[in-house]
Amino acid sequence: MADNKLTTNTNQFVISGNLTKDSELKTVGNGFNILNFSVANNYIQKSGESYEQKVNYLECKVLGNRAGKLANILKKGTSVICSGVIRQERWQTQDGKTASRIILQCEDVEITRWPQNGNGGNNIAQQQQNFAQNQAAQGDFPEDIPYGDGNSDIPF
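Residues numbered from 1 in each chain as written. Predicted model: local features only at pLDDT ≥ 70, side-chain atom pairs only at ≥ 80, totals over all residues. Heavy atoms only, no water.

**Student:** I would appreciate a short explanation of the overall build of the protein in the present structure.
**Tutor:** Helix and strand counts for the protein stand at two helices and six strands. The secondary structure elements of the protein, listed N-terminal to C-terminal, are β-β-β-β-α-β-β-α. The proportion of buried residues among the 156 residues of the protein is 33%. At a minimum sequence separation of 6, the contacts of the protein that also span at least 24 residues come to 60%. (Helix = DSSP H or I, 4+ residues; strand = E, 2+ residues; numbered from the N terminus. Buried < 20%, exposed > 50% of the residue type's maximum accessible area, 1.4 Å probe, protein only. Contact = heavy atoms within 4.5 Å.)

Rendered as C-alpha cells:
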C-alpha cells in the first residue's frame, strides 16, 4: 500500500531592497486581490582583486485584502523588507512549452524608507499619512488567503 502521508519542509524567505517600479494590483474571481512588485537586492561579489556591486531581482506577490491596502503605498524606490514563502509558478506558453518562475509570496511587508519625490526631497508627510491609513494591511495573517488545501481556484 502507498504511504499517503503528506510532508512539508521549511520554506521561509526574507529579502530587503527597493521596489523597481510601482506595484500592480489585479483583482480576480470574486474580488480577490493580487499585488505584484519586484524588489532589487544589492550584494557585493569579489572579481579578481576588486569587488563589484551586483543586483538580484525577485518578483513578489501579496494576496488578499492586504494587497489592496498596500497597492497605494508600494511605489518605485520604496525600501522594504519582505518575508514569506517561495513559490514556483508554472504556465503554458503560447507555443505549448512549460514556463516557470520563482516568486516570493509575502506574508509581511515592512517599509524601511520612503522613496524620494520628483524634486529630490521626501514627501514624508503624505507618505506617512497614506501608510497610517493603510496600517491595517500589516499585522495578523489574513484569513482570506486560501493556504494549504491545494484545491484553490486562484489563477497564479
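**Student:** Could you clarify how one ought to interpret the pairing of strand E3 (residues 32-47) in this entry?
**Tutor:** Every regular strand shows the same layout, with side chains that alternate between the two sheet faces. Alignment of strand E1 (residues 13-19) against E3, held across two bridges, turns out to be antiparallel. Residue pairing in the sheet places leucine 19 in a bridge with valine 39 of E3. Where strand E2 (residues 24-28) hands over to E3, the hairpin turn is made up of three residues, of which glycine 29 adopts a positive phi near 55 degrees. Hairpin connection, E3 to strand E4 (residues 50-63): the antiparallel pair is bridged by two residues, and glycine 48 has positive phi, about 70 degrees. (Pairing = 2+ DSSP bridges.)

**Student:** Teacher, can you tell me more about the pairing of E1 here?
**Tutor:** Relative to strand E5 (residues 79-92), E1 runs antiparallel, the two sharing six bridges. Following the sheet pairing, glycine 17 is matched in E5 by valine 80.

**Student:** Would you explain the side chain of serine 38 in this entry?
**Tutor:** With respect to the helices and strands, serine 38 occurs in strand E3. Of the polar contacts made by the side chain of serine 38, one reaches the side chain of glutamate 59; its length is 3.3 Å. Excluding residues that lie within four positions of it along the chain, serine 38 makes contacts with Asn18, Leu19, Thr20, Tyr57, Leu58 and Glu59. (Polar contact = N/O pair within 3.5 Å; in protein donor to acceptor, adjacent residues only side chain to side chain.)

**Student:** Explain the pattern of salt bridges here, please?
**Tutor:** Once the charged atoms of two side chains with opposite charge are near each other, the side chains can pair. The full count for this structure, using the stated rule, is four salt bridges. For lysine 21, the salt bridge identified is with glutamate 24, shortest N-O distance 3.5 Å. Residue lysine 21 is classed as partly exposed on the basis of its relative accessible area of 44%. Of the residues examined, glutamate 24 reaches a relative accessible area of 43% and is grouped as partly exposed. For glutamate 52, the salt bridge is made with lysine 54, and the minimal N-O distance between the two is 3.2 Å. Of the residues examined, glutamate 52 reaches a relative accessible area of 33% and is grouped as partly exposed. (Salt bridge = Lys/Arg side-chain N within 4 Å of Asp/Glu carboxyl O.)

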